[in-house]
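# Coordinate analysis (summary)
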Amino acid sequence: MRRPLVLIALSVLGAWLLLAVLAGVVSPYDPLAQSADTYAPPSAAHWFGTDELGRDVLSRVVHGARLSIPLALAVVVLALLLGGLLGLIAGYVGRAVDEVIMRLTDLVFAFPQIILAMAVTAAFGPSPANAVLALVIVSWPVYARVIRGAVLGIRGENYLGIARMLGVGPITVLRRDVVPNSVGPAVVLATLELGNAVLLLAGLSFLGLGPRPPAAEWGAMIALGAADISKWWVSVFPGLAILTVVLACNILGDAIRDRFDVGHR
Amino acid sequence: MLLRSVLHRSVLHRSAVLRSALLRYVLRRLAIAAGLLLGSTLVGFALVQAVPGDPVAANLSDQALGDPAAVAAFRAKWGLDRPLPMQYLAYLGNLLQGDLGTSQQTGRPVLADLLDHVPATIELVLPAIVLSVVLGTAIGMYAALRQGRAGDQAVRVGALLGLSTPQFWLSVLALYLFFYVLGVSPNGGRLSPQFSPPPRVTGMYSLDALLAGQLDVAWDAVQHIALPVLVLSVVTTATLVRFVRSAILEVLRKDYIAAAYAKGLPARTVLLRHLLRAGLVQIITMTSLAFASMLAGTVLVESVFSWPGVGEYAYASASALDRPAILGVCLFVAAVYIVVNLAVDLLYGVADPRIRLT
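Residues numbered from 1 in each chain as written. Chains lettered and ligands numbered in written order. Predicted model: local features only at pLDDT ≥ 70, side-chain atom pairs only at ≥ 80, totals over all residues. Heavy atoms only, no water.

## Focus: the overall build of chain B
- Broken down by element type, chain B carries 16 helices and zero strands.
- With respect to the principal axes defined by its C-alpha atoms, chain B has extents near 80 × 65 × 45 Å.
- Taking all 358 residues of chain B together, 46% fall into the buried category.
- Looking at chain B alone, contacts between residues at least 24 apart form 68% of all its contacts between residues at least 6 apart.
- Working note: accessible area of chain B is about 18,000 Å², and carbon and sulfur atoms make up 67% of it. (Helix = DSSP H or I, 4+ residues; strand = E, 2+ residues; numbered from the N terminus. Buried < 20%, exposed > 50% of the residue type's maximum accessible area, 1.4 Å probe, protein only. Contact = heavy atoms within 4.5 Å. Areas by Shrake-Rupley, 256 points an atom, 1.4 Å probe, with all protein chains shown as cover.)

Here is the structure:
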């Protein structure tokens, strides 16, 4: 992918991060404040119009960044930690432990992601925390496999054997030698997965299993807009928000993948 | 004479070895699929256990909860007064009899509900898969053959755009544009109100109407199918374009392609004889990729189009927090997915003998 595209993607993500931080300052209205001015089309007073309760769509989209971006980051980081830890154990300990962990990854891969995430969130009860938990549960296996592969690749290296001969404990060997030498590909993978996490999260909210109303969440806002499609602005703008964030993540991810050549499932 | 019989025997021997390799391959795949199916029931059971609070309250509708006999029957059926492993066995036994629980919303067995919704989903998914595989192959090949040029760049950006679009949002946009603004598409559903469903044969309205000779009904059904199929195909096509592009690029780097060009074969012949043939096995992969993408897509797309398929059922159950139905859908979809993957693996084994040895 070309360099200008990557720059554009970076600035789009930067802008969204800035908006998320400054949401309270830059948004013209309280995202939850209802008014009598319902379903007003975009105008000078409401750039993105208002929804069925008269709430300002622009303010809600801006505040949505505060929900979607941190939650997606949480999903990716937690999945990286959980998958990384399990992959490390599988690769380093090997044998039966490896077998069990790898069969678990097979099992998660046997479900389409959004459908397993839906079932997990529904079982635990719909809430932002449980949506994150569900997405971590469906997305840790990729990291586990990548880290396991990396660990297997360095397991025979001399420096590990020497460290052990010198009497360094296994935990220390893992922490000092194995982790730094195997974590790279998984971190690259995590940037690739960020866009996917935003999409899945929006999907869960669209299904009513993410942050509950009246929270300003992009997927949930689109679900509201779908109730009356003639009021296009209610769903178009939050959708554009998702699209720009995910597209920027994917462009970056592709560039990083081209650079580091990391496999993707 | 001797030589010939030795040769003959060695050929026989080789084909026997190959056959036993194939048999071993098939048996291994079957065992893996069976293991995954069993594993998915463990996942389902774990999720049932994860539901906070009283499982009776979580699974029975309010009406049934008021009826002590129904509550007692539920407890007995799912073995709720027995230890956990026994509960799992009860759960497994019920699953094996096709009992996925009872939907709180409809009060009917989840499996019966699902089977009612399956034909509508197949009616969307089949044309969408065909469309995506054809478009994905054509566009992906085009991009690969023009690698690095403007056309390739445009395709790559377009494919990324398709992958980054939330499908439920695209559905709303498509309905807004084609129904509300242009008025060329119906507003969701399977048939216009003036038509009644054709006599049921396959459960797919367009096909059944054709079978019954009701051309107007068939045409109306096709019009209703068009928009959701297009939306479902966008994301899937984007996935496939990327897959085909990189697969073709890989083949293009192979020596035999260079050799084919070097001996003066026209580009068309190289393309059709060598490239496409090398890619035939990939078509199987593409179909399974497309299928997986559709399974996820229908959940997010069908509800916007009021399309009464499995995805819409999943959506309705999710928004009503109808847990038995959601878990039932999840297990059902996983089972379908596992069986499809098994079929794909078996096809691989037949199409490409090298794979049997792995």
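## Things to note about the interface of chain A and chain B
- Contacts between the two partners involve 45 residues from chain A, matched on the other side by 46 residues from chain B.
- Breaking the side of chain A that touches chain B down by element, the ones donating at least two residues are helix 4 (95-109), helix 5 (113-124), helix 8 (170-206), helix 9 (218-226) and helix 10 (232-260) of chain A.
- Among the elements that make up the side of chain A that touches chain B, the one with the highest residue count is helix 10 of chain A (14 residues).
- Tallied by class, the residues present in the side of chain A that touches chain B amount to 33 nonpolar, seven polar and five charged. (Nonpolar A, V, L, I, M, F, W, Y, C, P; charged D, E, K, R; others polar.)

## Some thoughts on the UniProt feature "domain: ABC transmembrane type-1" (unreviewed entry) in chain A
- UniProt marks residues 65-253 of chain A with the feature "domain: ABC transmembrane type-1" (unreviewed entry), using the numbering shown here.
- For residues 65-253 of chain A, the end-to-end C-alpha separation is 20 Å, with 84% helix and 0% strand making up the annotated structure. (UniProt positions renumbered as here; feature names shortened; annotations may be inferred.)

## Observations regarding the packing of helix 6 (residues 110-145) of chain B against helix 10 (residues 215-252) of chain B
Residues and elements named next belong to chain B.
- Packing of helix 6 against helix 10 brings their axes to within 6 Å, and their N-to-C directions diverge by 35°. Of the two possible hands of crossing, helix 6 and helix 10 adopt the one that is right-handed.
- The class makeup of the residues in the contact of helix 6 with helix 10 is 22 nonpolar, seven polar and two charged. (Axes fitted to C-alpha atoms, helices over the stretch in contact; angles between N-to-C directions. Left-handed = near helix turned anticlockwise from the far one by under 90°.)

## Re empty space enclosed by the protein
All names here are of chain A.
- Counted by the stated rule, this structure contains four cavities of 30 Å³ or more.
- The computed volume of the largest cavity comes to approximately 50 Å³.
- What lines the largest cavity is Val75, Val76, Leu135, Ser139, Tyr143, Glu193, Asn196, Ala197 and Leu200.
- Breaking the lining of the largest cavity down by element, the ones donating at least two residues are helix 3 (57-93), helix 6 (128-154) and helix 8.
- Top contributing element to the lining of the largest cavity by residue count: helix 8, with four residues.
- Residue composition of the lining of the largest cavity, by class: six nonpolar, two polar and one charged. (1 Å grid on protein atoms, 1.4 Å probe; cavity = no way out; pocket = protein on both sides within 12 Å on 5 of 7 lines; lining within 4 Å. Points joined across faces, edges and corners; volume = space filled by probe spheres on them.)

## Some remarks on the UniProt feature "transmembrane region" (unreviewed entry) in chain A
Residues and elements named next belong to chain A.
- UniProt annotation of "transmembrane region" (unreviewed entry) refers to residues 67-92, 104-125, 131-154, 186-209 and 229-252 when read in the numbering used here.
- Counted over residues 104-125, helix gives 82% and strand 0%. Its end C-alpha atoms are 23 Å apart.
- Annotated as 88% helix and 0% strand, the span residues 186-209 places its first and last C-alpha atoms 28 Å apart.

## Here's the deal with the packing of aromatic side chains
- Counting across every chain of the model gives 10 aromatic pairs over all chains.
- Measuring from ring centre to ring centre gives 5.6 Å for Phe206 of chain A and Tyr315 of chain B, while their planes differ by 45°; the resulting arrangement is tilted. Of this pair, Phe206 of chain A sits in helix 8 while Tyr315 of chain B sits in helix 14 (residues 310-319), each in a different chain.
- Sitting over the face of the ring of Tyr39 of chain A, Lys231 of chain A holds its NZ or CZ atom 5.0 Å from the ring centroid.
- In this structure, Arg190 of chain B packs its charged tip against the face of Tyr205 of chain B, placed 3.7 Å from the ring centre. (Phe/Tyr/Trp six-rings, centres within 6.5 Å; stacked < 30°, edge-to-face > 60°. Lys NZ or Arg CZ within 6 Å of the ring centre and 35° of its normal.)

## Overview of the nonpolar core
Residues and elements named next belong to chain A.
- Ranked by internal contacts, the top residues of the largest apolar core, which has 155 residues, are Met118, Tyr143, Val178 and Trp218.
- Looking at this core element by element, the count peaks at 16 residues for helix 8.
- Those residues in contact with Val178 that sit more than four places away from it in its chain are Leu88, Tyr92, Val151, Ile154, Leu160 and Val173. (Core = buried A, V, L, I, M, F, W, Y, C linked by side-chain atoms within 4.5 Å.)

## Examining the pattern of salt bridges
Residue and element names in this part refer to chain A.
- Summed over all chains, the structure comprises 13 salt bridges over all chains.
- The partner of Arg60 in a salt bridge is Asp51, with the nearest N and O atoms 3.6 Å apart. The pair Arg60 / Asp51 is uniform in exposure class, with both members buried.
- Each of Glu99, Arg103, Asp106 and Arg145 takes part in a single network of salt bridges with overlapping partners. (Salt bridge = Lys/Arg side-chain N within 4 Å of Asp/Glu carboxyl O.)

## Quick word on the UniProt feature "transmembrane region" (unreviewed entry) in chain B
- Mapped onto the present numbering, the UniProt feature "transmembrane region" (unreviewed entry) falls on residues 30-51, 124-145, 157-182, 225-244, 283-305 and 325-348 of chain B.
- Between the C-alpha atoms that bound residues 30-51 of chain B the distance is 32 Å, and the span itself is 95% helix and 0% strand.

## Some words on the environment of Gly208 of chain A
- With respect to the helices and strands, the residue Gly208 of chain A is situated in the loop between helix 8 and helix 9.
- Remark: the alpha-carbon pair of Gly208 of chain A and Gly219 of chain A, spanning 11 residues in sequence, is separated by 8.8 Å.

## A look at the packing of helix 6 of chain B against helix 14 of chain B
All names here are of chain B.
- At a minimum axis separation of 7 Å, helix 6 and helix 14 run at an interaxial angle of 135°. Viewed along their axes, helix 6 and helix 14 adopt a mutual orientation that is oblique. On helix 14, the residues touching Val110, Asp113, Leu114, His117, Val118 and Thr121 of helix 6 are Val310, Gly311, Glu312 and Tyr313.
- Taken together, the residues that form the contact of helix 6 with helix 14 break down as five nonpolar, three polar and two charged. (Parallel < 35°, antiparallel > 145°, perpendicular 65-115°, else oblique.)

## Quick notes on helix 10 of chain A
- Along its 29 residues, helix 10 of chain A runs 41 Å from first to last C-alpha, staying within 8% of the 42 Å computed at 1.5 Å per residue.
- With 22 of 29 residues buried, helix 10 of chain A is to be regarded as a mostly interior element. (Expected span 1.5 Å × (residues − 1).)

## Considering unusual backbone geometry
- A positive phi angle is found at Arg95 of chain A, which is not glycine, with a value near 50°.
- With respect to the helices, strands and loops of the structure, Arg95 of chain A is situated in helix 4.
- Positioned with a positive phi, Leu321 of chain B is a non-glycine residue whose angle comes to about 55°.
- Inspection of the secondary structure assignment puts Leu321 of chain B in the loop between helix 14 and helix 15 (323-351).

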